[in-house]
Amino acid sequence: MPPSPVASPSPASPESTRQLRRVALSGLLGTAVEFYDFLVYGTVAALVFGELFFPGADPAVGTIAAFGTFAAGYVARPLGGIVFGHFGDRLGRKSMLLLTMGLMGSASFLIGLLPTYDTIGVWAPVLLITLRVLQGIAIGGEWGGATLMVVEHAGERRRGLWSSFTQMGAPLGSLLSSLVVTLVVAMPRDQFAAWGWRVPFLLSVVLLGVGLFVRLKVVESPLFAEVKKDRAEARLPILDVLRRPRPLLLACCVGIGAFTAQSLLTSYLIAYATGIGYARPQVLTALTVSACVALVVLPCASALSDRVGRRPVVLAGAVTSAALAFPVLALFDSKSPGLLILAVVLGHGIAQSVMYGPLGALLTEMFGTRVRYTGASLGYQGATLIGAGFSPMIAGSLVAGSGNGTPVALLICGGSLITALTVWFVRETSRTSLSGSATERSDAPHTEEITA
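Residues numbered from 1 in each chain as written. Predicted model: local features only at pLDDT ≥ 70, side-chain atom pairs only at ≥ 80, totals over all residues. Heavy atoms only, no water.

One pass over the structure, following the stated rule, counts twelve aromatic pairs. Ring geometry for F259 versus Y380: centroids 4.9 Å apart, planes at 85°, classification edge-to-face. Of the two residues, F259 is situated in helix α14 (residues 256–265) and Y380 in helix α20 (residues 372–389); the sequence distance between them amounts to 121 residues. (Phe/Tyr/Trp six-rings, centres within 6.5 Å; stacked < 30°, edge-to-face > 60°. Helix = DSSP H or I, 4+ residues; strand = E, 2+ residues; numbered from the N terminus.)

This is how it looks when you write it as structure tokens:
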């Protein structure tokens, strides 16, 4: 196999730099909106959805059923990656990003208006799951488009650092969701169950308006514009990606550790920690502090990956996450609010963020421009489905059976091990040029850029 072309720096015009900054801000805000909506659901599901939408069941079963709708959103995410990836690779990135944001915000707002089981019976959980699926479809198309827009605008200029703005949308959305939920859970329990839980969903319309305003000012990716000009779009991007599935499988597996840790140390943590005696405000405070730490660690890890490579940074995060899994669990079980904060900061704010930071650049660099939206989206969403979609349900079932939190630590270790092993099979991409892979080859899946 011939060596991959090595990027050579080229001067950037002031206008391209302004556009890059605008695209980075758009990716940050857009992903923050998506994750705010998505994580608000996970938080509220752990607190109240079991009794409001799945009454009559044992409380533990009700919580697991509520997390079932959580998984429904994750199952829909690969579908969103296929649909929006197809049209993003065929028609353009910008239009799909506007559509994903609008769909996500609308679904979240409608959840805030949804009648409960006591009002409309079985239609309540049916509608809840339907809206959750729409959320999953939207976020399935959002991340890939937002990330590759930043990477393609950056070209050869510190792609890891610039892509970290999109990655930072996850902790920023988590921070916003935690702050809002912290305020509403301080209400009396009956008021929170009656109407307080709706507030975080209804407030998403504000974030939606801000995000759409910024995103409308973003121009199309210059690399895709070149493909469009040459009429070199892939007719069926998904078939091109699946024709040689190895890069897609590697992209899925390399992200499993980050998403397993994220899911268990955020959404599931609320149910687990409150079950062993922590007050809900204490748990939400820990999540808020962790999100603040992640906002610092993510860009640092991503910038480091520009210097030393994506693989060493992701591997370091995976090894650290596995090594900290049982100590973090011991800190949880101490029932000390201060040690709980330390546990979440170590496990999520630092270790998980080091794994997660370089993924934006890594996954987009693994695919050529003609199929990049589809390939990166499916890789990312496949990782979330495997690593995060079912982790809360599995953890809830195992913890209920064992009576302790050891399965949580084992799941984190297992996910981190998969990531660490996969890194050895992924080719380093930090020096790979994005230009040329877009137009010089007629079939992107046969290029070096997509072959690990």
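Another point: the nonpolar core. Residues V48, F49, F53, W197 and F332 are the most contacted members of the largest nonpolar core, which totals 54 residues. The element best represented in this core is helix α1 (residues 14–53), accounting for eleven residues. In terms of nonpolar packing, the next biggest core, distinct from the first, is built from 40 residues, W143, V254, V314 and L359 among them. (Core = buried A, V, L, I, M, F, W, Y, C linked by side-chain atoms within 4.5 Å. Buried < 20%, exposed > 50% of the residue type's maximum accessible area, 1.4 Å probe, protein only.)

This part covers empty space enclosed by the protein. Evaluated as defined, the whole model comprises six cavities of 30 Å³ or more. Quantified by volume, the largest cavity comes out at close to 80 Å³. In terms of lining, the largest cavity is formed by L39, A170, P171, S174, Q262, T266, A294, L298, H348, Q352, S353 and Y356. Listing elements by their share of the lining of the largest cavity, those giving two or more residues are α7 (169–185), α16 (280–308) and α18 (337–356). Grouping the amino acids of the lining of the largest cavity by side-chain chemistry returns six nonpolar, six polar and no charged. (1 Å grid on protein atoms, 1.4 Å probe; cavity = no way out; pocket = protein on both sides within 12 Å on 5 of 7 lines; lining within 4 Å. Points joined across faces, edges and corners; volume = space filled by probe spheres on them. Nonpolar A, V, L, I, M, F, W, Y, C, P; charged D, E, K, R; others polar.)

Moving on to the confidence of the model for the protein. Per-residue pLDDT for the protein averages 83, and the proportion of residues at 70 or more is 89%. This model gives residues 1–11 a pLDDT under 50, and the stretch forms 16 contacts once residues within four places in sequence are excluded. (pLDDT = per-residue confidence, 0-100. Contact = heavy atoms within 4.5 Å.)

For the coordinates displayed, the defined rule picks out nine salt bridges. Ionic pairing is found between R189 and E51, a salt bridge with its closest N-O pair at 2.4 Å. Of this pair, R189 sits in helix α8 (residues 189–194) while E51 is found in helix α1, placing the two residues 138 residues apart along the sequence. Take R189: its relative accessible area is 33%, and that puts it in the partly exposed class. Exposure remark for E51: the relative accessible area of 43% places this residue in the partly exposed category. Across the salt bridge formed by E152 and R372, the nearest N and O atoms sit 2.8 Å from each other. Highlighted residues: E152 in helix α5 (residues 123–154) and R372 in helix α20, separated in sequence by 220 residues. E152 gets classed as buried once you look at its relative accessible area, which sits at 2%. Given the relative accessible area of 0%, R372 is considered buried. Members of the salt-bridge network, linked through shared partners, are D89, R93, E152 and R372. (Salt bridge = Lys/Arg side-chain N within 4 Å of Asp/Glu carboxyl O.)

Another point: helix α13 (residues 246–254). Those residues of α13 that fall on the buried side of the exposure criterion are P247, L248, L250, A251, C252 and V254. Tucked inside the fold, the buried residues of α13 contact α12 (237–243), α14, α17 (310–333), α19 (359–365), α20 and α22 (406–423).

On to α7, then. Over its 17 residues, α7 extends 24 Å from the first C-alpha to the last, a length consistent with the 24 Å expected when each residue adds 1.5 Å. For α7, the tally of buried residues reaches twelve of 17 residues, placing the bulk of the element in the interior. Along α7, the residues classified as buried are G169, A170, P171, G173, S174, L175, S177, S178, V180, V181, V184 and V185. (Expected span 1.5 Å × (residues − 1).)

On the secondary structure map, S290 appears in helix α16. Here S290 falls in the buried class, since its relative accessible area comes to 0%. Only 3.2 Å separates the side chain of S290 from the backbone nitrogen of G349, close enough to count as a polar contact. Among residues more than four places away in sequence, those in contact with S290 are V344, V345, H348 and G349. (Polar contact = N/O pair within 3.5 Å; in protein donor to acceptor, adjacent residues only side chain to side chain.)

Where nonpolar side chains cluster on the molecular surface, the patch consists of F109, L110, L113, L203, V205, V206 and V210 and spans about 580 Å² of accessible area. Contributions of two or more residues to the nonpolar patch are made by α3 (93–113) and α10 (204–215). (Patch = residues over 30% accessible without salt bridge, like charges linked within 9 Å, V, L, I, M, F, W, Y side chains within 5 Å. Areas by Shrake-Rupley, 256 points an atom, 1.4 Å probe, with all protein chains shown as cover.)

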